[in-house]
Amino acid sequence: MVAGVVVVEPDSHGDERGRFVESYRRSWFPAGREMVQGNRSEKQAGALVGLHYHLHQADYWYLTRGHARVVLHDLREGSPTDGATLTLDLGDGVERGVFIPPGVAHGFAAHTDLTLTYLVDGYYNAADELGLAWDDHAVGADWGVIDPIVSERDRSNPCRGDIPPGRRPYWGLRT
């Protein structure tokens, strides 16, 4: 468990024509703010993204195609779950969305080719795009992939103990 993270399992309805899923509702996240931007990430099997975190932005993730292992790590000083890591799987017929509050590092490994849609409650801000090493032993993540494909940016993220002063979030920064 990571404080403030909300995992939802929306209703899915289907028949021989296909299926319908209500993938997001604002009312599911009473402590959250309005989502103002929608994004889509398409990755190939074996890709690993993260760990990323924001001081001011929350995300809502929903996988529309494929299977991913999601890793969430609480970086917030003073949080009741500071240092906790949550791992969950999205996709493969399991309808789940996940709300990620500011200060929780997040990433995913593509177990298949996939499409991840995500909503954010702040417009892109390069100064709020921060990172944590995906392979940090303090996180203890089981990504479920061997020899992942990781971007240069994500390979250069610092370990938890090396995050510069002022770049580590704290509990209560904002909801």
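The structure we're discussing is the one just above.
Residues numbered from 1 in each chain as written. Predicted model: local features only at pLDDT ≥ 70, side-chain atom pairs only at ≥ 80, totals over all residues. Heavy atoms only, no water.

Asks: Account for the pattern of salt bridges, with residues named and values stated.
Replies: With the rule as written, the count across this model stands at 14 salt bridges. Close ionic contact of Arg19 with Glu95 constitutes a salt bridge, the shortest N to O distance being 1.9 Å. Taken together, the residues Arg19 in strand β3 (residues 18–21) and Glu95 in the loop between β8 (85–91) and β9 (97–100) connect sequence positions 76 residues apart. Here Arg19 falls in the exposed class, since its relative accessible area comes to 52%. Using a relative accessible area of 11% as the deciding quantity, one classes Glu95 as buried. In this structure, Asp142 engages Arg69 in a salt bridge whose closest nitrogen and oxygen atoms are separated by 3.7 Å. (Salt bridge = Lys/Arg side-chain N within 4 Å of Asp/Glu carboxyl O. Helix = DSSP H or I, 4+ residues; strand = E, 2+ residues; numbered from the N terminus. Buried < 20%, exposed > 50% of the residue type's maximum accessible area, 1.4 Å probe, protein only.)

Asks: Outline the sheet that holds β9, supporting the account with residue identities and numerical values.
Replies: Within a sheet, adjacent strands bond to each other through the backbone by hydrogen bonds, running parallel or antiparallel. One open sheet holds the 5 strands; their spatial order is β1-β9-β6-β11-β4, and the pairing between them is antiparallel. The open sheet has two edge strands, β1 (6–8) and β4 (37–43), and neither has a second partner. Neighbour-to-neighbour, the strand axes of this sheet turn through a mean angle of 20°, independent of strand direction. As judged from the 7 bridges shared by β4 and strand β11 (residues 114–120), these two strands associate in the antiparallel manner. Looking at β11, one finds that Gln37 is bridged to Val120. (Pairing = 2+ DSSP bridges. Axes fitted to C-alpha atoms, helices over the stretch in contact; angles between N-to-C directions.)

Asks: Help me get a handle on the nonpolar core, residues and values and all.
Replies: Nonpolar side chains tend to gather and get buried jointly when the protein is soluble and globular. Val5, Trp61, Val70, Leu72, Phe108 and Leu114 are the most contacted members of the largest nonpolar core, which totals 19 residues. Those elements giving two or more residues to this core turn out to be β5 (47–53), β6 (59–65), β7 (67–74), β8, β9, β10 (104–110) and β11. Apart from the residues within four sequence positions on either side, Phe108 is in contact with Ser41, Lys43, Ala47, Leu48, Val49, Trp61, Ala68, Arg69, Val70, Leu114, Leu116 and Trp143. If you look at the next biggest cluster of nonpolar residues, it comprises 15 residues, including Leu48, Leu51, Ala105 and Trp143. (Core = buried A, V, L, I, M, F, W, Y, C linked by side-chain atoms within 4.5 Å. Contact = heavy atoms within 4.5 Å.)

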